[in-house]
Amino acid sequence: MSHEEQALDRVYAARSPRELERAYADWAADYDRDTIALGYSLPFVIAGWVGRYVPHGDGPLLDAGCGTGLSGPFLKALGYDDLVGLDYSREMLDLAGQRNAYRELRQAELGTTLPWPDDHFAAFLSSGVFTAGHAPASSFDELVRITRPGGHAIFTVRDLLLEDGGFSDAFRRLEDAGRWRRVEESEPFRAFVLAEPEVKVKAFVFEIG
């Protein structure tokens, strides 16, 4: 097993937020090189869905679980210059800050109360965060709260977790409550172009109610 795959397996194997924090802190310096070597595509692919649904100048855009900020420069190149990043790892946020793409970066944990008021963001995006050992399905309650009505939720979910991780139930609960409506759902596709062929995700777009 390669160094890159070992680091990825350690992240997937985390059984608590503290274990995940340590895993990412240890991996932060090599994260970009390692994930690119595996063909990780989600931070770049997600920008296509953002471009499809979020008009320029609509308001601040939250990159929830931004990591080292791989999506940031591509979103900025597409004209999104009011970009805010959130991540659990201080080490990852320090690297994201070096990309000069984010107006603001905050450390916070998805699944807990987030440090923004109601209806603050025009949209949120999240790629690769809703996967094994990472943010729970309950994260969407807060993410929807801080996104304004008519805005969009754009994110990927590991396909195996849709039922086993409670994500499908969370989607239905928010739909039934009128808090969002489903706009688009992709077919499963590979998160890594060159490795981990079994790791597939689905992309979702919801409009906030």
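Predicted, not measured: the structure shown is a model, and the values here were computed from it.

J.: Even after reading the chapter, I still don't get the pairing of strand β3 (residues 104-107), so can you show me in this structure?
T.: Regular strands have side chains that alternate between both faces of the sheet. Alignment of strand β2 (residues 83-87) against β3, held across four bridges, turns out to be parallel. Opposite Val84, over in β3, you have Glu104 as the bridge partner. Crossover β2 to β3 through helix α5 (residues 90-97) is right-handed.

J.: I tried to follow the pattern of salt bridges on my own but got confused; where do I start?
T.: When the charged atoms of two side chains with opposite charge come close together, those side chains can pair. Applying the stated criterion across every chain yields a total of 17 salt bridges. Asp32 is the partner of Arg99 in a salt bridge, and the nearest nitrogen-oxygen pair spans 2.3 Å. A residue pair is termed long-range when its members are at least 10 positions apart, and Arg99 in the loop between α5 and β3 and Asp32 in helix α2 (residues 17-37) qualify at 67 residues. Arg182 is paired through a salt bridge with Glu185; the nearest N and O atoms lie 2.7 Å apart. Residue classification places Arg182 among the partly exposed positions, given a relative accessible area of 31%. What makes Glu185 partly exposed here is its relative accessible area of 35%. Connected through shared salt-bridge partners, Asp82, Arg103, Glu104 and Arg106 make up one network.

J.: What's the story with the packing of aromatic side chains in this structure? I'm lost.
T.: For any pair of aromatic rings, geometry is given as the distance between the ring centres together with the angle between the planes. Evaluation of the coordinates by the stated rule reveals 21 aromatic pairs. Ring centres of Phe140 and Phe171 lie 5.7 Å apart, and the angle between their planes is 70°; on these two criteria the pair is classed as edge-to-face. Within this pair, whereas Phe140 is found in helix α6 (residues 139-145), its partner Phe171 is found in helix α8 (residues 167-176), the two being separated by 31 residues in sequence. Judged by relative accessible area, Phe140 falls into the buried class, the value being 0%. With a relative accessible area of 1%, Phe171 lands in the buried category. Residues Phe171 and Trp180 carry aromatic rings whose centres are separated by 5.9 Å and whose planes lie at 65° to one another, so their mutual orientation is edge-to-face. Taking relative accessible area as the criterion, Trp180 reaches 3% and is therefore assigned buried.

J.: Help me understand the nonpolar core in this model?
T.: Note that soluble globular proteins tend to have their nonpolar side chains buried in a common cluster. Counting residues in hydrophobic clusters, the biggest one holds 31 residues, and the most contacted among them are Leu62, Phe140, Leu143, Phe155, Phe167, Phe171 and Trp180. Looking at this core, the elements that each hand over two or more residues are β1 (61-64), β2, β4 (121-130), α6, β5 (147-158), α7 (161-164), α8 and β8 (200-208). Grouped together as the second largest cluster of nonpolar side chains are 19 residues, Val54, Ala96, Ala101 and Val205 included.

J.: Quick question: what am I supposed to make of α8 here?
T.: Given 3.6 residues to a turn, an α-helix orients residues that are three or four positions apart in the same direction. For α8, every residue scored as buried is listed here: Phe167, Ser168, Ala170, Phe171 and Leu174. An end-on view of α8 places all buried positions within 160° of arc, on one side of the element. Packed against the buried residues of α8 are β4, α6, β5, α7, β6 (180-185) and β8.

Calculation criteria
- Residues numbered from 1 in each chain as written.
- Predicted model: local features only at pLDDT ≥ 70, side-chain atom pairs only at ≥ 80, totals over all residues.
- Heavy atoms only, no water.
- Pairing = 2+ DSSP bridges.
- Helix = DSSP H or I, 4+ residues; strand = E, 2+ residues; numbered from the N terminus.
- Right-handed = clockwise from strand over helix to strand, strands pointing away.
- Salt bridge = Lys/Arg side-chain N within 4 Å of Asp/Glu carboxyl O.
- Buried < 20%, exposed > 50% of the residue type's maximum accessible area, 1.4 Å probe, protein only.
- Phe/Tyr/Trp six-rings, centres within 6.5 Å; stacked < 30°, edge-to-face > 60°.
- Core = buried A, V, L, I, M, F, W, Y, C linked by side-chain atoms within 4.5 Å.
- Arc of directions from axis to C-beta.
- Contact = heavy atoms within 4.5 Å.

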